[in-house]
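Spelled out, the chains give:
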Amino acid sequence: LTYGIGRFGDPTVPLAVRALAAQTGILAGALSALFLAAVFAALRESEGRLRSILNAADVVAWEVDLICDTVHATGPSARFLNSQPGLQPFNVWTSGDAVHPADRESVRAGFAAALQGKAPFRVEFRLSLPDGGMRWLASEGTVVRDKDGRPLRVLGVNHDITDRKNAEAALRESEARMRLAAQAANIGFWVLDLETQRVRGTPEYFALFGLPPSDEPVALEQIRALYPLEDRSRIISAVEESIKTGRSLVEDRRITRPDGNLRWLHIVSDTRRDATGRPVARYGVTFDITERKESEEHVQLLMREISHRAKNLLTVVQVMARQTAGEVDPHVFAEHFGDRLAGLAASHDLLVKSDWHGVDTADLVRSQLAHFAHLVGTRVTLEGPPLKLRPAGAQALGMALRELATNAAKYGALSNAAGVIRIAWDIVGSDRGRRFRMRWLERDGPRPRPPTKRGFGHTVMVEMLKQALEAEVRLDYPSSGAIWELDVQLDGPLGRGMILN
Amino acid sequence: MRSGADPIPLKKWFAEMRLAAAIGIAYLAAAWLGLAFLAKSENIVAVYWPAAGFAAGVLIILGPSWRLSVAAGVIAATIAAHLIAHRHVWEAPAFGVCNAAEVLIVAWLIERWFGRGFKLGDLPHVMGLFVAAAIGAGLAAAGATATLELLGQPTAPAVTIWLLWFAADALGIVTVAPVLIGLPPASHRAWPSLELAEGSIALVALTVAGTLVFALPPGPWATVVPAASLFPFVLWVAGRCQPVFAAAAAAILAASSLER
């Protein structure tokens, strides 16, 4: 342009040279325009890219010029921050007007520490918005210094972490709820680091094993030592299989606590893997199922007992029927048989009520004297300590008492208006010589007449007890009234099953 | 029943013919403009050859599959321009080949270096265009100079002819091709009306300023005033608008200065 070819330039210079000069100048001008455009376009594109990234990441980039006391911000919230007096980044760091009062001190301290070079600038704080709302911001920055180390500028970014904070709060609340539920249900949570072979667990988890709570991970061996020796290899194989197949492991395990208490634990566990699929940890929940196990065992025992009792009962009923069949009169048979069945049923009811755990002696006596309940305490007295009888003994004794009561009503002390019966029982002797004794004493009744023949009643009152309990049984009929005595050696093979406590 | 002719190649052939014709007509118009500058520069060599930039820009946009059409159009237009300008008939085919080769070389280099993603907003791309223009124009100038020497009708020393030809074609490519290259991307994006208005105003202002500056009578200001007064406009367009506006500004700059 400097040397135009037309009216510009020195006319003495040849036209071709002037043309070349003009071409060169124009070419330089055109190239300059294109280069400048490319540079500016690249700058605009770079800035646009930065804005897009900041927008996408919801990040505000800021620069605090400590010399000029100014702040520049770029990003989605820049306009908002710059347009609201009191919300500009500079005010946030120095006066902190917009910062939540609870966070101001930590923000100021963080900024001051960064300027002094003590720590990198990294703070999280709440920002109060003009509309009354509040946002959580995380701010990170770096201090630019001159060659003498004096701070010139602080460059950094803010990002909105409100959602994260809300999620963390929700998570904390959820964890608290879960911990409460776990405490209430006595459920323990645990994580086993497969590399260190150490277990980190909640206090409930350690309590289940009878161990003190520990914030530090506990060696797996310490836990495994509580499993019975014979179970350990099976447990280890099951865990290895679970890791190998990727299936969660659900099983019941026995443990013996350090205090010797045997417990059953239900454990559900699974494997945590890293990004490459390598197993890094086992985690799971554990809770105590000892009561359930005992209940299950009791049910099974009960089923076996019921089956056994039913067979016995049918045998007894069969014997009763056969013996009672000696009564020629069908009406008498029906009455006697029905009465004996009722006695059997009364003992049975008591056993069912106690889940076949045993029957209190006094209750057993009362049940068999149900027809004379109104006389108990007046004409019938019961004396003896509380003793719980096992089912087998209770059933045999109950039938005998029923038979005694029937005889007393028909022929003995209860057949008149003045007779009384004293029923007494006790444990006599000590240690290996302990015996259970029970006496049935009638008096003031009609003079008893010993039976001329031994029927089913005698079998029930004497023979059956002798066989069932290896007892010594005596039945006499002195003039004062009938006397029935039972003497069972509790240390004998059958007597051992007589008394529970 | 199928006909023996394959409709697809026939259709393509017609398209290529149409493109060759269009290129030829446009190239002829641009060449006429170049020949006008030739008249003002005492009939040595045209000092500005916008036709080269036009053909190179079109071929860069369309891609290498259209090079035959473009080359045919360029050769035909060059011959026509020579005939119209009453220049030596025997030079015309040789000049046509030189011009066509120049366009093909520039487009091929751009394609080879940057693929189909040539961008005016990328500084290496712009520098690449400049280098490609220099290589293409240099080779074409060499061919044209040789032609003139061989036919025995040079009006200036061979070096002068080569330099003038080289500068004219390079100027044409650098000022016109970017405008064409920048138009398709610009047409694809939604332009903010403010930016469009600002770019248009800046270009009009540059045209007016250029016209006024180059209309000044000869004087001592001639060494400084043109550049000093036009540079702010160029800076404005380059800094505030899309690169296609800067390309247009360069073209306006060249046309307005050489027109005088």
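Residues numbered from 1 in each chain as written. Chains lettered and ligands numbered in written order. Predicted model: local features only at pLDDT ≥ 70, side-chain atom pairs only at ≥ 80, totals over all residues. Heavy atoms only, no water.

## Quick word on the overall build of chain A
Right, so step 1: Summing up its helical and strand segments, chain A has 13 helices and 18 strands in all.
Right, so step 2: Of the contacts made within chain A by residues no fewer than 6 positions apart, 52% connect residues no fewer than 24 positions apart.
Right, so step 3: Taken as a whole, chain A presents about 27000 Å² of accessible surface, with 54% of it coming from carbon and sulfur. (Helix = DSSP H or I, 4+ residues; strand = E, 2+ residues; numbered from the N terminus. Contact = heavy atoms within 4.5 Å. Areas by Shrake-Rupley, 256 points an atom, 1.4 Å probe, with all protein chains shown as cover.)

## Quick notes on empty space enclosed by the protein
Residue and element names in this part refer to chain A.
Right, so step 1: Counting across every chain of the model gives 5 cavities of 30 Å³ or more.
Right, so step 2: Here the largest cavity is characterised by a volume of approximately 180 Å³.
Right, so step 3: Lining the largest cavity we find 16 residues, and of these Trp190, Leu192, Leu220, Tyr227 and Arg253 sit closest to its centre.
Right, so step 4: Taken together, the elements giving at least two residues each to the lining of the largest cavity come down to strand S6 (187-193), helix H7 (220-224), helix H8 (229-245), strand S10 (262-273) and strand S11 (279-288).
Right, so step 5: Counting residues per element, the lining of the largest cavity draws most heavily on H7, at 3 residues.
Right, so step 6: Among the residues forming the lining of the largest cavity, the class breakdown is 11 nonpolar, 2 polar and 3 charged. (1 Å grid on protein atoms, 1.4 Å probe; cavity = no way out; pocket = protein on both sides within 12 Å on 5 of 7 lines; lining within 4 Å. Points joined across faces, edges and corners; volume = space filled by probe spheres on them. Nonpolar A, V, L, I, M, F, W, Y, C, P; charged D, E, K, R; others polar.)

## Some points on a nonpolar patch on the surface
Right, so step 1: On the surface, Val39 and Leu43 of chain A together with Leu123 and Met127 of chain B cluster together into a nonpolar patch covering about 320 Å² of accessible area.
Right, so step 2: Of all the secondary-structure elements, those providing two or more residues to the nonpolar patch are helix H1 (15-57) of chain A together with helix H5 (123-151) of chain B.
Right, so step 3: Note on placement: Val39 of chain A falls in helix H1. (Patch = residues over 30% accessible without salt bridge, like charges linked within 9 Å, V, L, I, M, F, W, Y side chains within 5 Å. Salt bridge = Lys/Arg side-chain N within 4 Å of Asp/Glu carboxyl O.)

## Thoughts on the side chain of Asp231 of chain A
All names here are of chain A.
Right, so step 1: Locating Asp231 in the fold gives a position in helix H8.
Right, so step 2: For Asp231, a relative accessible area of 9% puts it in the buried group.
Right, so step 3: Side chain to side chain, Asp231 and Arg254 meet in a polar contact 3.1 Å long. (Buried < 20%, exposed > 50% of the residue type's maximum accessible area, 1.4 Å probe, protein only. Polar contact = N/O pair within 3.5 Å; in protein donor to acceptor, adjacent residues only side chain to side chain.)

## Examining the packing of aromatic side chains
Right, so step 1: Tallied over the full model, the rule gives 11 aromatic pairs over all chains.
Right, so step 2: When the centroid spacing of 5.1 Å and the interplanar angle of 0° are considered together, the rings of Trp162 of chain B and Phe166 of chain B count as stacked. Placement of both Trp162 of chain B and Phe166 of chain B in helix H6 (residues 158-188) is noted, with a separation of 4 residues, approximately one turn of the helix.
Right, so step 3: Overall, Trp162 of chain B belongs to the partly exposed group, its relative accessible area being 30%.
Right, so step 4: An aromatic cluster is defined as three or more aromatic residues linked by ring pairs; in this entry it consists of Trp190, Tyr205, Phe206, Phe209 and Tyr227 of chain A. (Phe/Tyr/Trp six-rings, centres within 6.5 Å; stacked < 30°, edge-to-face > 60°.)

## With respect to the environment of Gln242 of chain B
All names here are of chain B.
Right, so step 1: By secondary structure assignment, the location of Gln242 is in the loop between helix H8 (225-240) and helix H9 (243-259).
Right, so step 2: The spacing of Gln242 and Glu195 is 47 residues in sequence and 8.4 Å in space, taken between C-alpha atoms.
Right, so step 3: Only 3.2 Å separates the side chain of Gln242 from the side chain of Glu195, close enough to count as a polar contact.

## Regarding the nonpolar core
As a rule of thumb, soluble globular proteins bury nonpolar side chains together.
Right, so step 1: Residues Trp49, Val70 and Val74 of chain B are the most contacted members of the largest nonpolar core, which totals 77 residues.
Right, so step 2: It is H6 of chain B that contributes the most residues to this core, 11 residues altogether.
Right, so step 3: When sequence neighbours within four positions are dropped, the list of residues in contact with Trp49 of chain B reads Tyr27, Ala31, Gly34, Leu35, Asn99, Ala168, Asp169 and Gly172 of chain B.
Right, so step 4: Among the nonpolar cores identified, the runner-up in size contains 39 residues, and Ala396, Ile423, Trp425 and Leu486 of chain A belong to it. (Core = buried A, V, L, I, M, F, W, Y, C linked by side-chain atoms within 4.5 Å.)

## Notes on the packing of helix H12 (residues 391-410) of chain A against helix H13 (residues 456-469) of chain A
Residues and elements named next belong to chain A.
Right, so step 1: Viewed as axis vectors pointing N to C, H12 and H13 meet at an angle of 160°, and their least axial separation amounts to 9 Å. Classed by the angle they form, the pair H12 and H13 counts as roughly antiparallel. Crossing of H12 over H13 shows left-handed handedness. Packed against H12, whose contacting residues are Gly393, Ala396, Leu397, Met399, Ala400, Glu403, Leu404 and Asn407, the element H13 presents Gly457, Val460, Met461, Met464, Leu465, Ala468 and Leu469 at the interface.
Right, so step 2: Partitioned by chemical class, the residues of the contact of H12 with H13 number 11 nonpolar, 3 polar and 1 charged. (Axes fitted to C-alpha atoms, helices over the stretch in contact; angles between N-to-C directions. Parallel < 35°, antiparallel > 145°, perpendicular 65-115°, else oblique. Left-handed = near helix turned anticlockwise from the far one by under 90°.)

## Observations regarding the sheet that holds strand S16 (residues 435-443) of chain A
Residues and elements named next belong to chain A.
Right, so step 1: Taken in spatial order, the 5 strands line up as S13-S15-S16-S18-S17 in an open sheet, and their pairing is mixed. Each edge of the open sheet is held by one strand with a lone partner, namely strand S13 (380-383) and strand S17 (472-476). Across the sheet, the axes of successive neighbouring strands diverge by a mean angle of 5°, strand direction being ignored.
Right, so step 2: In terms of strand pairing, S16 meets strand S18 (residues 483-489) through 7 bridges, oriented antiparallel. Along S18, the bridge assignment pairs Arg437 with Asp487.
Right, so step 3: Set on the sheet, helix H11 (residues 361-368) makes contact with S13, strand S15 (420-428) and S16; between it and S15 the angle comes to about 155°.
Right, so step 4: In this fold H13 packs onto S17 and S18, with an angle of close to 165° to the strand it touches most, S17. (Pairing = 2+ DSSP bridges.)

## Some thoughts on the pattern of salt bridges
Residues and elements named next belong to chain A.
Right, so step 1: Following the criterion strictly, the structure yields 35 salt bridges over all chains and no others.
Right, so step 2: Here Glu251 ties to Arg234 by a salt bridge, and the two come within 3.4 Å at their closest N and O atoms. Note that Glu251 is positioned in strand S9 (residues 249-256) and Arg234 in helix H8, a separation of 17 residues in sequence.
Right, so step 3: By relative accessible area, which is 40% here, Arg234 ends up partly exposed.
Right, so step 4: As a salt-bridge pair, Glu472 and Arg435 come within 3.7 Å of each other at their nearest N and O atoms. In this pair, Glu472 sits in strand S17 while Arg435 sits in strand S16, placing the two residues 37 residues apart along the sequence.

## Quick word on the sheet that holds strand S3 (residues 121-128) of chain A
Residue and element names in this part refer to chain A.
Right, so step 1: Spatial ordering of the open sheet is given by S2-S1-S5-S4-S3, a layout of 5 strands whose pairing is antiparallel. The sheet is open, and its two borders are formed by strand S2 (70-74) and S3, each paired with just one other strand. Adjacent strand axes in the sheet meet at a mean angle of 25° when their direction is disregarded.
Right, so step 2: Here S3 runs beside strand S4 (residues 134-145); their pairing, made up of 8 bridges, is antiparallel. Each bridged residue has a counterpart across the sheet, and for Arg122 the counterpart in S4 is Glu140.

## Let's talk about the pairing of S4 of chain A
Right, so step 1: Taking the residues that link successive antiparallel strands as the turn, the S3 of chain A-S4 of chain A hairpin has 5 residues, and the phi of Gly132 of chain A there is positive, at about 95°.
Right, so step 2: Once S4 of chain A ends, the chain turns through 5 residues before running back antiparallel as strand S5 (residues 151-160) of chain A, passing Gly149 of chain A with a positive phi of about 90°.

## With respect to the side chain of Ser69 of chain B
Residue and element names in this part refer to chain B.
Right, so step 1: As for its placement among the helices and strands, Ser69 is situated in helix H3 (residues 67-84).
Right, so step 2: Here Ser69 falls in the buried class, since its relative accessible area comes to 4%.
Right, so step 3: With sequence-adjacent residues up to four places away left out, Ser69 is seen in contact with Glu16, Leu19 and Ala20.

## Structural notes on the pairing of S9 of chain A
All names here are of chain A.
Right, so step 1: Residues Leu249, Glu251, Arg253 and Ile255 point to one face of S9 and are all buried, whereas Val250, Asp252, Arg254 and Thr256, pointing to the other face, are not buried.
Right, so step 2: Relative to S10, S9 is paired through 8 bridges, and the arrangement is antiparallel. In the strand pairing of S10, Arg253 is matched with Leu265.
Right, so step 3: In this structure, the hairpin formed by S9 and S10 is closed by a connection of 5 residues, where Gly260 is found at a positive phi of approximately 90°.

## Re the confidence of the model for chain B
Detailed reading of predicted coordinates is not advised where the pLDDT is low.
Residues and elements named next belong to chain B.
Right, so step 1: Looking at chain B, pLDDT values average 82 and 85% of them are 70 or higher.
Right, so step 2: Between residues 1-5, whose pLDDT stays under 50, and residues either more than four places distant or in other chains, the model counts 0 contacts.
Right, so step 3: Our summary of model confidence lists the complex with pTM equal to 0.52 and ipTM equal to 0.79. (pLDDT = per-residue confidence, 0-100.)

## Some points on the environment of Thr147 of chain B
All names here are of chain B.
Right, so step 1: The topology assignment puts Thr147 in helix H5.
Right, so step 2: Exposure remark for Thr147: the relative accessible area of 13% places this residue in the buried category.
Right, so step 3: When the C-alpha atoms of Thr147 and Ala92 are compared, they prove to be 9.8 Å apart, with 55 residues separating the residues in sequence.
Right, so step 4: Sequence-distant contacts of Thr147, defined by excluding residues within four places in its chain, comprise Glu91, Ala94 and Phe95.

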